[in-house]
Amino acid sequence: MTGVISLLPEGRQGLLAPPRPGDGSFGGENVDGNPAVDGYLAVGGYAPLVAPDRLLDRIAAVGLRGRGGAGFPAAIKLRAVRDAPGPRVVVANGEEGEPGSVKDRWLLRHRPHTVLDGLRLAAAMTGAERGFVYLSDALAERAVRRALAECPPELPVEVVRTEHTYVAGEESAVVRRIDGGPALPTAKPPRPFESGVGGAPTLVANVETLARVAVMYSRPEEAEVVAGAHLVTLSGAGAPGAGAAGAGSGAGGGAVLVEVPAGTHLKVLADLCGHGRAEAVLLGGLFGGLYGEGWADLPLDHDGLNAAGGALGCGALHFLGPEDCPVAVAVEAAAYLGAQSARQCGVCLSGTGAMTKALVAVAHGEAGYDTVAKLHRWSQQLPGRGACGLLDAAARVVATLLAHFSDRVDAHCRSVCPACEGARPEDGRRFRVPVP
Ligand code: SF4
């Protein structure tokens, strides 16, 4: 088993296509980037776009949704920028703030031409005259700069490096950083499609979204499969298969990057990467909440998870084994989010702090039912009150802990469990995984 696996039908693998025999290339691009563009051109990349509206209609017809986390329909975003008065800007957003996700950095490191091709197509569809690639990863930056030098794009493209933080990839933070400010979210409206980089209507698109657009354009017959597939990062501390997956050994264990059709059951994914003993899962990096009983039958797609009260987010799944206490995981997630708060919104600073403090008290057997009641109230009242999704993520972790693990929370109110005694709320190390 390697660190990247495609579950798409044989011969139709999209972004994780295996090496082509004989030429050493990987999905059309060379793994070592030497030279990558020949392989990419050979699989139909950078083909001239003669009818941008037709491609946009295809994107709408197959229902491609953005892969940054919110799952917003890609065609609506593209049309909003196209229909705004010019000049316009497009941004490939490769800054993934969720600590359990590696897909965007992997794409930029190993598929820079596919992402840049998607950016070029997005510019053509929206009528944009300038493009940016926004990232924080040094290896990704090197790959993108090499790709730009190898095949200069039709539109001017600038690479902008940012700090790696939880909120740096939020679209208003992206605009603010490109404009020379700090990578911090701003109040909305206006949204970037109304007033983005330099005040111009701006499309901020996740790099996986753009890569899917590029593959859909060069392989129209596979558009539906490509649009419906997801890149998912699978991890789980101490899972037996983590090392065998060949993804290295980071603090959070190994990571496996998988491309799967929408609707794949989570149990399939757990088994696939050696987390067969998993008893629960944390969804969407830290954004989608905790799930216990019934998690195995959840389908991997936005609608299915939303219906179950969760969220797919960026698609990262962290499996919890029998040795992991969900209360300890919630403490660590809330504390990590609190530490990553941009401290701009008072409600976020006080809300994440209060929830973390209460969760620590629960974990250490020092809380009563009044604390649990407070946690419940905060988890219902706080979502939507910050300028970005960080506070929502913390509230969802709390809400899903209380909803799906009430027996464990109950037990903690009476005594401390061994797993939580050792919990280190301050560092969030269990969620960080290496890029395969
Ligand atoms: S909700 Fe929190 S992280 Fe988001 S902008 Fe406000 S203070 Fe910053």
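Here goes a summary of the coordinates provided. (Residues numbered from 1 in each chain as written. Predicted model: local features only at pLDDT ≥ 70, side-chain atom pairs only at ≥ 80, totals over all residues. Heavy atoms only, no water.)

Re helix 7 (residues 171-178)
The test is simple: Burial classification: accessible surface area is computed with a 1.4 Å probe over protein chains only, and a residue below 20% of its type maximum counts as buried, one above 50% as exposed, and the rest as partly exposed. The way it works is that DSSP assigns letters per residue, a run of H or I at least four long becomes a helix, a run of E at least two long becomes a strand, and they are numbered from the N terminus. We call two residues contacting when some pair of their heavy atoms lies within 4.5 Å.
Counting buried residues in helix 7 gives six out of eight residues, a clear majority hidden from the surface. Inspection of helix 7 places Glu171, Ser172, Ala173, Val174, Val175 and Ile178 among the buried residues, and these make up the whole buried set. The inward-facing, buried residues of helix 7 contact helix 3 (74-82), strand 4 (89-93), strand 5 (130-135), strand 6 (157-161) and strand 7 (202-206). Note on helix 7: the residue one or two positions beyond its end, Gly180, has a positive phi of about 100 degrees.

Some points on the sheet that holds strand 11 (residues 289-291)
For the record, the criterion: Strand pairing is assigned whenever DSSP identifies at least 2 bridges connecting the two strands. The convention used is that axes are lines fitted to C-alpha atoms, helices contributing only their stretch in contact, and that angles between N-to-C directions extend from 0 to 180 degrees.
Judged by pairing direction, the sheet is mixed, and its six strands sit side by side in the order 1-9-8-12-10-11 without closing on themselves. Looking at which strands have only one partner, the edges of the open sheet turn out to be strand 1 (4-6) and strand 11. Along the sheet, successive strands turn relative to each other by an average axial angle of 25 degrees, direction set aside. Both strand 1 and strand 9 (residues 255-261) contribute to a ladder of three bridges, which runs parallel.

Thoughts on the site of the ligand
Applicable threshold: Any residue with a heavy atom positioned within 4 Å of a molecule or strand is treated as near that molecule or strand. Asp, Glu, Lys and Arg are counted as charged, while Ala, Val, Leu, Ile, Met, Phe, Trp, Tyr, Cys and Pro are counted as nonpolar; the rest, among them Gly, fall into the polar class.
Taken together, Val167, Pro185, Ser341, Ala342, Arg343, Gln344, Cys345, Cys348, Gly386, Ala387, Cys388 and Leu390 make up all the residues around the ligand. Considered class by class, the residues forming the shell around the ligand number eight nonpolar, three polar and one charged.

Looking at the sheet that holds strand 4
Reading across the sheet, the four strands line up as 6-5-4-7 and stay open at both edges, with parallel pairing between neighbours. With one partner strand each, in any of the chains shown, strand 6 and strand 7 form the two edges of the open sheet. Looking at each pair of strands side by side, their axes are set apart by 20 degrees on average, direction ignored. Across five bridges, strand 4 lies against strand 7 in parallel orientation. Along strand 7, the bridge assignment pairs Val89 with Thr202. Contacts from helix 6 (residues 138-150) reach strand 5 and strand 6 within the one sheet, and its direction differs from that of strand 6 by about 170 degrees. Its contacts with the sheet place helix 7 against strand 4, strand 5, strand 6 and strand 7, and it is angled at close to 110 degrees to strand 5.

Focus: helix 6
Convention followed: For a helix, the expected span equals 1.5 Å multiplied by the residue count minus one. As used here, the arc is the angular range of directions from the helix axis to the C-beta atoms.
An ideal rise of 1.5 Å per residue puts 18 Å on 13 residues; helix 6 measures up with 18 Å between its terminal C-alpha atoms. Of the residues making up helix 6, those classed as buried are Ala140, Glu141, Ala143, Val144, Ala147 and Leu148. The buried residues of helix 6 occupy an angular sector of 165 degrees when projected down its axis, which confines them to one face. In helix 6, the exposed positions angled more than 90 degrees off the buried face are occupied by Arg142 and Ala149. Residues of helix 6 that are buried in the fold lie against helix 4 (103-110), helix 5 (112-126), strand 5 and strand 6.

So, the pattern of salt bridges
Cut-off, in case you're wondering: Counted as salt bridges are all cases of a side-chain nitrogen of Lys or Arg within 4 Å of a carboxyl oxygen of Asp or Glu.
On inspection of all chains with the given rule, the structure shows 21 salt bridges. One salt bridge in this structure joins Asp303 and Arg65, with 3.3 Å as the shortest N-O distance. With Asp303 in helix 12 (residues 302-307) and Arg65 in the loop between helix 2 (52-62) and helix 3, this residue pair connects regions lying 238 residues apart in the sequence. In this structure, the salt-bridge partner of Arg120 is Asp117, at a minimum N-O distance of 2.7 Å. Remark: Asp117 and Arg120 occur in helix 5; sequence separation between them is three residues, near one turn of the helix. An identical accessibility class is assigned to Arg120 and Asp117; each is buried. In this structure, a network of salt bridges that share partners links the residues Arg67, Lys103, Asp104, Glu208, Arg212 and Glu259.

Some details on the environment of His230
Within the fold, His230 resides in strand 8 (residues 229-235). When neighbours within four sequence positions are excluded, His230 is seen to be in contact with Arg67, Glu208, Arg212, Val258, Glu259, Val260, Ala262, Leu300, His302 and Leu312.

Some points on the packing of helix 2 against helix 3
Our working rule: Handedness of a helix crossing follows the sense of rotation of the near helix relative to the far helix, less than a right angle counterclockwise being left-handed and clockwise being right-handed.
Closest axis-to-axis distance for the helix 2/helix 3 pair is 8 Å, and the angle between their directions is 145 degrees. Note on packing geometry: the crossing formed by helix 2 with helix 3 is left-handed. Counting all contacts with helix 2, which are made through Asp53, Leu56, Asp57, Ile59 and Ala60, the residues of helix 3 involved are Ala74, Ala75, Leu78, Arg79 and Arg82.

Here we look at the packing of aromatic side chains
What characterises a pair of aromatic rings is the spacing of the ring centres plus the angle enclosed by the ring planes. Test applied: Pairing of aromatic rings covers Phe, Tyr and Trp, the last counted by its six-membered ring, and requires centre-to-centre distances within 6.5 Å; plane angles under 30 degrees mean stacked, over 60 mean edge-to-face, and any other angle means tilted.
A complete count under the given rule lists two aromatic pairs for this structure. Taking the centre distance of 5.7 Å and the plane angle of 55 degrees together, the rings of Trp295 and Phe319 count as tilted. Taken together, the residues span a long stretch of sequence, with Trp295 in the loop between strand 11 and helix 12 and Phe319 in strand 12 (residues 316-320) at a distance of 24 residues. Accessibility expressed as a relative area gives 6% for Trp295, which makes it buried.

Digging into the pairing of strand 6
Sheet topology note: the strand 5/strand 6 ladder contains five bridges and is parallel. Each bridged residue has a counterpart across the sheet, and for Leu135 the counterpart in strand 6 is Arg161.

A look at unusual backbone geometry
Omega for the bond connecting Gly86 with Pro87 falls within 30 degrees of zero, at -5 degrees, which places this linkage in the cis form. For Pro87, the location among the structural elements is in the loop between helix 3 and strand 4. Residues Pro189 and Pro190 are joined by a peptide bond in cis, for which omega reads 5 degrees. Checked against the element boundaries, Pro190 lands in the loop between helix 7 and strand 7.

Some points on the pairing of strand 8
Residues in a regular strand point their side chains to alternate faces of the sheet. Among the seven residues in strand 8, seven count as buried, and that is most of the element. As paired elements, strand 8 and strand 12 share three bridges and run parallel to each other. Bridging from a neighbouring strand, Leu234 pairs with Leu317 of strand 12.

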